[in-house]
Amino acid sequence: MSTTLNPEDNRILQLYATRSMNKLIWLYCLLLIISCDTRPTSAPPNVLWIMVDDLNSWVGYLKGHPQTLTPNIDRLAARGMAFHNAHTNSPLCGPSRASMLTGLLPSSTGIYFHIQDTELVPHTEQEQITLLPYYFQQQGYRTLAVGKIFHNGDRAGVFDEYGGLSNFGPRPEERFNYDPEWFDKPRGTSTDWGVFPSHDTLTFDHRIADWAIGRLEENHESPFLLAAGFMRPHVPWYVPQKWFDAFPLDQVALPPYDSKDWEDLPPVAKEMTYWPMMPEMDWMLEEDRWREAVQAYLASVHFVDHQIGRLLDALERSLYADNTIIVLASDHGYHVGEKGLFQKGTLWRRSKQIPMIWAGPGIEAGSTMEPASLLDIYPTLADWCGEEVPDHLQGQSVAPILTGEKSTINNAAITTFGPGNHSVYSPEWHLIQYDNGAQELYHLAEDPNEWRNVAGSENELIIRELVAKLPAQEAPNLPQSAFGAAPYFNR
């Protein structure tokens with residue numbers, strides 16, 4: 001039996017078939033468009049975290065020294081948010097990094113001095129403190145590091161992959177310009193300076209940059225946190241000749257110094273900052289070595305800036321240029337003759353002020369005088385990259401400053417050096433309070449070198465406001481936390 005369709009039925013069937021085919025073609029095209037879509041996704045951003053050891057405000061954008069050459073740090077500052085009032089939470093490598101990685105003040109953890117990585121990690125686990133790299137691992141990030149991030153690099157194996165190279169070498173067989181043993185002093189310092197080695201490729205910082213660049217050239221299936229901890233300008237100030245050549249010795253400008261600066265300081269300030277193994281200003285002046293030391297520090301800063309530039313260039317060439325947040329900071333500052341000192345470990349501005357720069361997608365270009373500290377890195381990264389900010393963190397997220405949402409978050413930058421010794425900054429004032437109650441107060445606009453201590457009854461209201469920002473409680477120093485360089489802390 002055959003069926004014959006009349007003309008009208010045949011027309012309707014053909015129309016239905018055509019519409020069905022059109023729908024199939026439309027669906028196929030839609031799927032093709034989706035599969036080929038190259039628009040940026042909302043994937044979590046990668047993080048490039050650059051730490052520099054002992055870098056004070058002698059960078060171009062902070063104008064800490066008129067001759068410093070830091071073109072790469074400055075170009076990062078120009079494209080991101082540059083903090084002009086950022087500070088360490090301790091003017092010593094070990095506790096500053098412990099504070100940054102735990103998100104807690106030294107007065108809360110009891111880590112006032114150096115602590116081994118292998119002792120820090122078990123302590124944080126016992127106290128249920130999530131270290132910053134562990135937090136990122138919980139968010140699905142792969143954590144990579146090289147050089148000095150923890151005080152000992154990463155001896156406890158916290159990062160998923162660690163490239164080593166946490167070392168201040170290479171070093172010559174003999175010192176060039178300074179050795180404590182020449183003066184019957186306790187050794188305890190790497191302080192020295194000179195032209196060494198012969199080429200950048202022989203330095204640890206060059207190799208640190210190489211390792212980090214290699215990670216940026218890889219294909220990563222998950223978001224990453226890449227931390228690069230550069231060693232210079234930590235002593236010894238050894239870098240190749242070309243970096244010294246940029247600063248002819250007879251043209252090097254010395255930083256401001258007042259030989260009568262200490263006359264209005266409380267005795268505890270002098271006792272706490274006395275490190276017998278360090279060079280003294282009298283020797284530097286008598287032997288005409290101060291200008292050499294300044295030249296060597298400037299050369300070391302210029303050298304490490306070049307290595308940072310290599311890393312920034314590699315990021316710009318990589319697959320991750322448009323989806324990576326950059327944060328650059330130093331663990332603390334350093335005196336290169338200011339206050340007559342050649343050391344860190346003080347609560348004065350030169351030892352505690354640091355560069356801090358944030359850059360990347362969503363971060364406005366600009367600068368801010370908002371007080372900030374290393375304590376703010378953890379909550380800011382967690383706020384930007386994580387699902388929620390851990391409850392235990394004591395710093396503030398500076399994300400509202402980075403995005404331009406706010407001009408101030410009423411932050412405070414607290415620096416602590418030993419139990420009971422604290423420093424706090426406001427945009428205009430700097431207060432130091434010691435464990436015996438003695439105080440120093442400096443009006444930064446009128447006295448940027450902190451030569452005139454104006455802590456007195458005439459400024460009682462300002463002092464009271466700043467004291468209110470200091471830690472309310474003081475944890476005892478942990479037995480694992482120790483520092484032998486300053487006799488004051490070994491009483």
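Basis of the calculations
Within every chain, residues take consecutive numbers counted from 1 along the sequence as written. Given that the model is predicted, a residue must reach a pLDDT of at least 70 before its local features are reported, and side-chain atom pairs must reach 80 or more before they are shown or counted; all residues, however, enter totals for whole chains, interfaces and linings. Based on all heavy atoms of the structure, the side-chain values leave hydrogens and waters out of the count. Strands here are runs of E lasting at least two residues and helices are runs of H or I lasting at least four, both read from the DSSP assignment and numbered beginning at the N terminus. Exposure is judged per residue with a 1.4 Å probe applied to protein chains only, and the accessible area is read against the type maximum: over 50% gives exposed, under 20% gives buried, and values in between give partly exposed. Each pair of strands is called paired provided DSSP finds at least two bridges between the two strands. Here pLDDT means the predictor's own confidence in every residue, given as a number from 0 to 100. Between two residues, a contact is recorded if the distance between any of their heavy atoms is within 4.5 Å.

Attention now moves to the environment of F136. Residue placement: F136 occurs in helix α6 (residues 132-138). Overall, the relative accessible area of 1% leaves F136 in the buried class. Separated by 119 residues in sequence, F136 and P255 have C-alpha atoms that sit 41 Å apart.

The subject of this paragraph is the pairing of strand β2 (residues 81-87). With 6 of its 7 residues buried, β2 lies for the most part within the structure. Direction of pairing for β2 relative to strand β9 (residues 353-359): antiparallel, over a ladder of 5 bridges. Its bridge partner lying in β9, A86 is registered against I354. Bridge analysis of β2 against strand β10 (residues 366-368) gives 3 bridges, and the strand direction is parallel. Along β10, the bridge assignment pairs M81 with G366.

Every α-helix carries 3.6 residues per turn, so stepping three or four residues along brings you back to the same face. Within helix α13 (residues 377-385), 7 of the 9 residues are buried, which leaves it mostly tucked inside the rest of the structure. Inspection of α13 places I377, Y378, P379, T380, L381, A382 and C385 among the buried residues, and these make up the whole buried set.

This part takes up the confidence of the model for the chain. Of the residues in the chain, 91% reach a pLDDT of 70 or more, and the chain-wide mean stands at 92. Across residues 1-13 the pLDDT falls below 50, and counting only partners more than four positions away or on other chains, this stretch makes 2 contacts in the model. When the criterion is pLDDT under 50, residues 15-41 qualifies, and its contacts beyond four places in sequence or with other chains add up to 0 contacts.

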